[in-house]
Amino acid sequence: MTIQRIKPGPRMSGAVVHGNTVYLAGQVAHESAGKSVTEQTKEILSIIDSLLAEAGTDKSKILMANIWITDMGTFQEMNAVWDAWVSPGNTPARATVEAKLATPAFKVEIAVIAAK
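The rules behind each value
- Note on numbering: residues in each chain are counted from 1, in written sequence order.
- Only residues with pLDDT of at least 70 are given local features in this predicted model, and only at 80 or more are side-chain atom pairs given and counted; all residues enter the totals for whole chains, interfaces and linings.
- The side-chain values count all of the structure's non-hydrogen atoms but skip hydrogen atoms and water molecules.
- UniProt positions are given in the numbering used here, feature names are shortened, and annotations may be inferred rather than shown by experiment.
- Runs of E in the DSSP output that reach at least two residues are strands. Runs of H or I that reach at least four are helices, and both are numbered from the N terminus.
- The quantity called the radius of gyration is restricted to C-alpha atoms. Its globule counterpart is 2.2 Å times the number of residues to the power 0.38.
- Classification of residues uses two cut-offs on accessible area relative to the type maximum, computed with a 1.4 Å probe and protein chains only: under 20% is buried, over 50% is exposed, and between them is partly exposed.
- In what follows, residue pairs with any heavy atoms lying within 4.5 Å of each other are defined as contacts.
- Pairing between strands requires that DSSP locate at least two bridges from one strand to the other.
- Throughout, an axis means a line fitted to C-alpha atoms (over the contacting stretch in the case of helices), and angles, computed between N-to-C directions, take values from 0 to 180 degrees.
- Definition of nonpolar core: a set of buried residues of the types Ala, Val, Leu, Ile, Met, Phe, Trp, Tyr and Cys, connected through side-chain atoms within 4.5 Å.
- Seen with the strands pointing away from the viewer, any crossover whose path from the first strand over the helix to the second strand runs clockwise is right-handed.

- Under the annotation held in an unreviewed UniProt entry, the protein carries the name RidA family protein and is attributed to Microvirga splendida.
- The UniProt entry for the protein carries this comment under Sequence similarities (unreviewed entry): "Belongs to the RutC family."

Dropping the structure here:
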C-alpha cells in the first residue's frame, strides 16, 4: 500500500493517509495562539476540516479524536465549540486530557483519525 503525506515537514506531516485511514497530527492554533480556548478550538477544527478534505474525507468519517487542553476548567468551553462542529449522528470515540502543551500560548491540541 502507498503512503500519502500531506503537508510534510522536517519533523512531522500534517496528515498521513495509508489505505483508507487518515491520521492527523496534533493540530494547534497558530493564528489565535494566546487567545481564548473558544477561538483556538474554532481555528483547530477549521484546520482539521481542511486536512481531511485534502485527504479526501470529512468530519463525518472521524473514528477517534484525542484532545489535550491545558486547563480542565475550560473543558465546557472547548466542548461548546466541538458540539457545534461535530457531525450529528457521527460522533467519534474521543478522549480529552489536561496536559502541558508545547508553548503556554497553546491551550488546545486536537488529533484525529478518520476513514476515507
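1. Comments concerning the overall build of the protein
Thought 1: Helices and strands together make up the secondary structure of the protein, namely 2 helices and 6 strands.
Thought 2: Going residue by residue from the N terminus, the α and β elements of the protein occur as β-β-β-α-β-α-β-β.
Thought 3: Here the C-alpha atoms of the protein give a radius of gyration of 14 Å, agreeing with the 13 Å that 2.2 N^0.38 yields for 116 residues.
Thought 4: Projected onto its principal axes, the C-alpha positions of the protein cover 45 × 35 × 20 Å.
Thought 5: Every one of the 116 residues in the protein was classed for burial, and the buried ones make up 39%.
Thought 6: Counting only contacts in the protein whose residues sit at least 6 apart along the sequence, the fraction spanning at least 24 positions is 69%.

2. Some words on the sheet that holds strand β3 (residues 21–24)
Thought 1: Sheet architecture is open: 6 strands sit in the order β1-β2-β3-β6-β4-β5, paired in mixed fashion. Of all the strands in the sheet, the pair left with one neighbour each is β1 (3–8) and β5 (93–98). The sheet shows a mean angle of 10 degrees between the axes of neighbouring strands, taken without regard to direction.
Thought 2: Contacts between helix α1 (residues 37–54) and the sheet are confined to β1, β2 (13–18), β3, β4 (62–69) and β6 (108–115), with β6 contributing the most and set at about 25 degrees to the helix.

3. Observations regarding the nonpolar core
Thought 1: By size, the foremost hydrophobic cluster in this structure holds 26 residues, and its most contacted members are V22, L24, I48, W82 and I110.
Thought 2: Listed by contribution, the elements that provide at least two residues to this core are β2, β3, α1, β4, α2 (75–85) and β6.
Thought 3: Top contributing element to this core by residue count: α1, with 6 residues.
Thought 4: Setting aside chain neighbours within four positions, we find V22 in contact with A15, V16, V17, L52, A55, T57, V112, I113, A114 and K116.

4. Brief notes about the pairing of β4
Thought 1: Sheet topology note: the β4/β6 ladder contains 7 bridges and is antiparallel. Across the sheet, I69 pairs through a bridge with V108, a residue of β6.
Thought 2: As paired strands, β4 and β5 are joined by 6 bridges and run parallel to one another. Bridged to I69 within β5 is E98.
Thought 3: The β-α-β motif built from β4, the intervening α2 and the parallel element β5 has right-handed crossover chirality.

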